[in-house]
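Observations on the three-dimensional arrangement
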Amino acid sequence: DNLLMTHASIGMGGPTERGNHSMMHHRQLLMNLHSIHTDDPTLSQAAADAVLNGTGHKYRIQTSRERQQRWLVNQRHAKRVIKGLELLGADAEESFWLKWARYMHERSSGWKRRSLGETITMLLMPSIIVGLYFESELGDYFEVTYEWHANPGALCNRPGFRMMEYHQLYFE
């Protein structure tokens, strides 16, 4: 299932180039958010609190480093990013992440300012947002199949050896 997720993600969004940090790609957005947040988590969370001040919402920023071989890292990160995108409503221009990136962009310099500019651009690209939803849906699929394989079944009392029970997973 992990290889399936890897190839599905590449098929959906295309391959990424190692070391090319300015690609317009949904997994690059995940990496940008992680790099910016982990550079100064206190400032990053303060920015989140500032843009949400007076809205009645709170959001704790939690990121993960993007991984080529995923094992749910990218999918869970995408799900958290989507939660932030939807926090303030459906309008992309009013999303939490866009407001956060603009707030941080005004207060940053160097690589971080450049990365935040690219992040703002990606947050406004529908194809990037679709990529995040796709990663999240892949994670939902993987969570179900992983849980199924990790438990014993009716025909086998050992987890991981349930080949004769696949029909139960997919058709019942």
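The structure we're discussing is the one just above.
In this report, the structure presented in the accompanying data block is examined. (Residues numbered from 1 in each chain as written. Predicted model: local features only at pLDDT ≥ 70, side-chain atom pairs only at ≥ 80, totals over all residues. Heavy atoms only, no water.)

Notes on the overall build of the protein chain
When helices and strands are tallied, the protein chain shows eight helices and zero strands. Reading the protein chain from its N end, one meets helices and strands in the order α-α-α-α-α-α-α-α. Dimensions of the protein chain, computed from the C-alpha atoms along their principal axes, are close to 60 × 40 × 25 Å. Out of the 172 residues in the protein chain, the part that is buried amounts to 41%. Sequence separation of 24 or more characterises 62% of the internal contacts of the protein chain that already satisfy a separation of 6 or more. Accessible surface for the protein chain amounts to roughly 9600 Å². Of this, 56% is attributable to carbon and sulfur atoms. Taking the average place of the 19 positive charges on the side chains of the protein chain and the average place of its 19 negative ones, the gap between the two points comes to 6 Å. (Helix = DSSP H or I, 4+ residues; strand = E, 2+ residues; numbered from the N terminus. Buried < 20%, exposed > 50% of the residue type's maximum accessible area, 1.4 Å probe, protein only. Contact = heavy atoms within 4.5 Å. Areas by Shrake-Rupley, 256 points an atom, 1.4 Å probe, with all protein chains shown as cover. Lys, Arg positive; Asp, Glu negative; His and termini not counted. Charge placed at Lys NZ, Arg CZ, Asp CG, Glu CD.)

Brief notes about the packing of aromatic side chains
According to the stated counting rule, one finds four aromatic pairs in the structure shown. Where Tyr59 meets Trp97, the ring centres are 5.7 Å apart and the plane angle is 85°; that geometry is what we call edge-to-face. Residue Tyr59 is located in the loop between α3 (41-52) and α4 (73-86), and its partner Trp97 is located in helix α5 (residues 96-106); the two are separated by 38 residues in the primary sequence. By relative accessible area, which is 2% here, Trp97 ends up buried. (Phe/Tyr/Trp six-rings, centres within 6.5 Å; stacked < 30°, edge-to-face > 60°.)

Section: the pattern of salt bridges
Tallied over the entire structure, the rule returns seven salt bridges. Note that Asp39 and Lys112 form a salt bridge whose closest N and O atoms lie 2.8 Å from each other. Of this pair, Asp39 sits in helix α2 (residues 26-39) while Lys112 sits in helix α6 (residues 110-123); the two residues are 73 residues apart in sequence, bridging distant segments of the chain. For Asp39, a relative accessible area of 45% corresponds to the partly exposed category. One salt bridge connects Arg107 with Glu106, and the closest N-O pair in it is separated by 3.2 Å. (Salt bridge = Lys/Arg side-chain N within 4 Å of Asp/Glu carboxyl O.)

Regarding the environment of Tyr166
Mapped onto the elements of the fold, Tyr166 is located in helix α8 (residues 166-171). Judged by relative accessible area, which is 28%, Tyr166 ranks as partly exposed. Separated by 157 residues in the primary sequence, Tyr166 and Ser9 place their C-alpha atoms 24 Å from one another. What Tyr166 contacts, discounting residues up to four positions off in sequence, is Trp148 and His149.

Quick look at the nonpolar core
Judged by nonpolar contacts, the single largest core of 28 residues is most densely connected at Phe96, Trp97, Trp100 and Leu132. Those elements giving two or more residues to this core turn out to be α2, α3, α4, α5, α6 and α7 (126-149). At six residues, α5 tops the list of elements feeding residues into this core. (Core = buried A, V, L, I, M, F, W, Y, C linked by side-chain atoms within 4.5 Å.)

Some thoughts on α5
Among the residues making up α5, those that are buried are Phe96, Trp97, Leu98, Trp100, Ala101 and Met104. Buried residues along α5 sit in contact with α2, α3, α4 and α6.

Looking at α7
Along its 24 residues, α7 runs 35 Å from first to last C-alpha, staying within 8% of the 34 Å computed at 1.5 Å per residue. Residues of α7 that are buried: Ile128, Ile129, Gly131, Leu132, Glu135, Ser136, Leu138, Gly139, Phe142, Thr145 and Trp148. (Expected span 1.5 Å × (residues − 1).)

Thoughts on the packing of α2 against α7
Running from amino to carboxyl end, α2 crosses α7 at an angle of 85°, the nearest separation of the two axes being 8 Å. On the basis of their axis angle, the class for α2 and α7 is roughly perpendicular. On α7, the residues that touch His26, Arg27, Leu29 and Leu30 of α2 are Ile128, Gly131, Leu132 and Glu135. Taken together, the residues that form the contact of α2 with α7 break down as four nonpolar, two polar and two charged. (Axes fitted to C-alpha atoms, helices over the stretch in contact; angles between N-to-C directions. Parallel < 35°, antiparallel > 145°, perpendicular 65-115°, else oblique. Nonpolar A, V, L, I, M, F, W, Y, C, P; charged D, E, K, R; others polar.)

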